[in-house]
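What follows is the residue order along each chain.
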Amino acid sequence: MNQHKPIKKAVFPVAGLGTRFLPATKAIPKELLPIVDRPLIQYAVDEAREAGIEQIIFVTGRGKTAIVEHFDVAYELEATMKERGKDMSVLDPTRATPGDIITVRQQVPLGLGHAIWCARAIVGDEPFAILLPDELMVGEPGCMKQMVDAYNEVGGNLVSVLEVPQEDVSSYGVIAPGASISDTLTEVTGLVEKPPVAEAPSNKIISGRYILQPEVMRTLENQGKGAGGEIQLTDAMARMIGNQPFHAVTFAGNRYDCGSKTGFVEATLALALQREDMGEEVRAIAERLLAQ
Ligand code: G1P
C-alpha cells in the first residue's frame, strides 16, 4: 500500500519571539511554557515521533537554546536522581537518539515560509512534515499520525484543517476545498493566507500541521512577501497546486490554540481535567471557583 517515500523528518519553527506571552517569555522560549507538566514543544515532538518521525529539525533563533537543552541528557540531574532512587521515567520523552536533533537558525524573522526555507539543506530531497508547536493537537491517534496515514493513501502534499466560525478566518491560512475523497480527506484547489472574511474560500483553516514535498523549498526560494509583509508558506504551497497532489485532512480530535493566552489556559484546564492523577481534584477546584 505504501508506495510513497516515508516521512522521516519534521521541521519545527521555533524562532518566534513570543511577544504575546511577555514578560513570561523574556528569558524562556514560549515553546517551553508548560501545559500542566510538559512543555509545549514536547507535545509536538511526541506527536511527530508517534507518526514515525525520526529526525527533529528545529528552526531556532537567539535566546532559544534552552529548547535543545530540554532534549539533551542532563547528566547532573540524572546522577542526582539515580542516587536518590527517583523514578527517571519522566525524563524518557526528553531523550533523543544521538544525532536526531538538528538545529538551524533563522537569523531574521521574515515569516513562516522563510523559517521553513532555512531548513532546506537538512530536509534535502525528501518529503517532510512541519509542526507548529503553538497549535496543541490532542487526538488518538495524534494529528500527524492521522496525516501520515492519509499520506500513505494519496501521497503528495497535505495540510491538516479544521472548521472555525467564519468571522475568525482572517487569522489563518484558509483552503478552497475540492472533491471529497472520504469523510476526512478532501482535495485542495486553492490556499489563501489570512483573507478578509468576505473573500475567504471556506471556513476550513490550516491548523499547523503539514506534509510537503521537497519542491516547496524551491518554490520558497523565490517567494515574495505576502500577508503581513511576510514570506508565507501558504503562498508557496498555493503555487504547487496543479503540479502536485494537494489534500486536506480534517483532524479528528481537540485543538488548542496555545499562541493565545485564553487558548493556553483552556489547554491547561482541559489536559489537567483529563489526567488520572489530578483530574478529580482539578474538577473540584474549577467547580469551587465557578461557584464563587
Ligand atoms: C500560521 C500559518 C497559517 C496557519 C496558522 C495556524 O499563521 O501561516 O496558515 O493557519 O499558522 O496556527 P501564524 O499563526 O503564524 O500567523
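Conventions adopted
Residues numbered from 1 in each chain as written. Predicted model: local features only at pLDDT ≥ 70, side-chain atom pairs only at ≥ 80, totals over all residues. Heavy atoms only, no water. UniProt positions renumbered as here; feature names shortened; annotations may be inferred. Helix = DSSP H or I, 4+ residues; strand = E, 2+ residues; numbered from the N terminus. Axes fitted to C-alpha atoms, helices over the stretch in contact; angles between N-to-C directions. Parallel < 35°, antiparallel > 145°, perpendicular 65-115°, else oblique. Contact = heavy atoms within 4.5 Å. Salt bridge = Lys/Arg side-chain N within 4 Å of Asp/Glu carboxyl O. Buried < 20%, exposed > 50% of the residue type's maximum accessible area, 1.4 Å probe, protein only. Core = buried A, V, L, I, M, F, W, Y, C linked by side-chain atoms within 4.5 Å.

Draft legend 1. Looking closely at the UniProt feature "domain: Nucleotidyl transferase" (unreviewed entry) in the protein chain. Under the feature "domain: Nucleotidyl transferase" (unreviewed entry), the UniProt entry names residues 14-271. With 29% helix and 25% strand, the stretch residues 14-271 has end C-alpha atoms that lie 23 Å from each other.

Draft legend 2. Main features of the packing of helix α9 (residues 261-274) against helix α10 (residues 279-291). Packing of α9 against α10 brings their axes to within 6 Å, and their N-to-C directions diverge by 130°. Classified by the angle between their axes, α9 and α10 sit oblique to one another. Residue-level inspection shows Leu269, Ala272 and Leu273 of α9 in contact with α10, the latter providing Gly279, Val282 and Arg283.

Draft legend 3. Up close: the pattern of salt bridges. Counted by the stated rule, this structure contains 14 salt bridges. In this structure, Asp149 engages Lys145 in a salt bridge whose closest nitrogen and oxygen atoms are separated by 2.8 Å. A residue pair is termed a helical-turn pair when its members lie 3 or 4 positions apart in one helix, as Asp149 and Lys145 do in helix α6 (residues 143-154) at four residues. Owing to a relative accessible area of 25%, Lys145 belongs among the partly exposed residues under this scheme. If you follow the salt bridges from partner to partner, you end up with Asp37, Arg275 and Asp277 in one network.

Draft legend 4. Inspection of the nonpolar core at higher detail. With 36 residues, the main nonpolar core has Phe12, Ile41, Phe58, Met144, Leu158 and Ile211 as its most contacted residues. Within the residue set of this core, elements represented by two or more residues are β1 (9-13), α1 (40-50), β4 (55-60), β6 (128-131), α6, β8 (157-163) and β11 (204-212). Sort the elements by how many residues they give to this core and α6 lands first, with six residues. Non-local contacts of Phe58, meaning those with residues more than four positions away in its chain, are made with Phe12, Val14, Ile41, Val45, Ile67, Phe71, Ile101, Ile102, Thr103 and Val104. Grouped together as the second largest cluster of nonpolar side chains are 30 residues, Val104, Leu212, Val216 and Met237 included.

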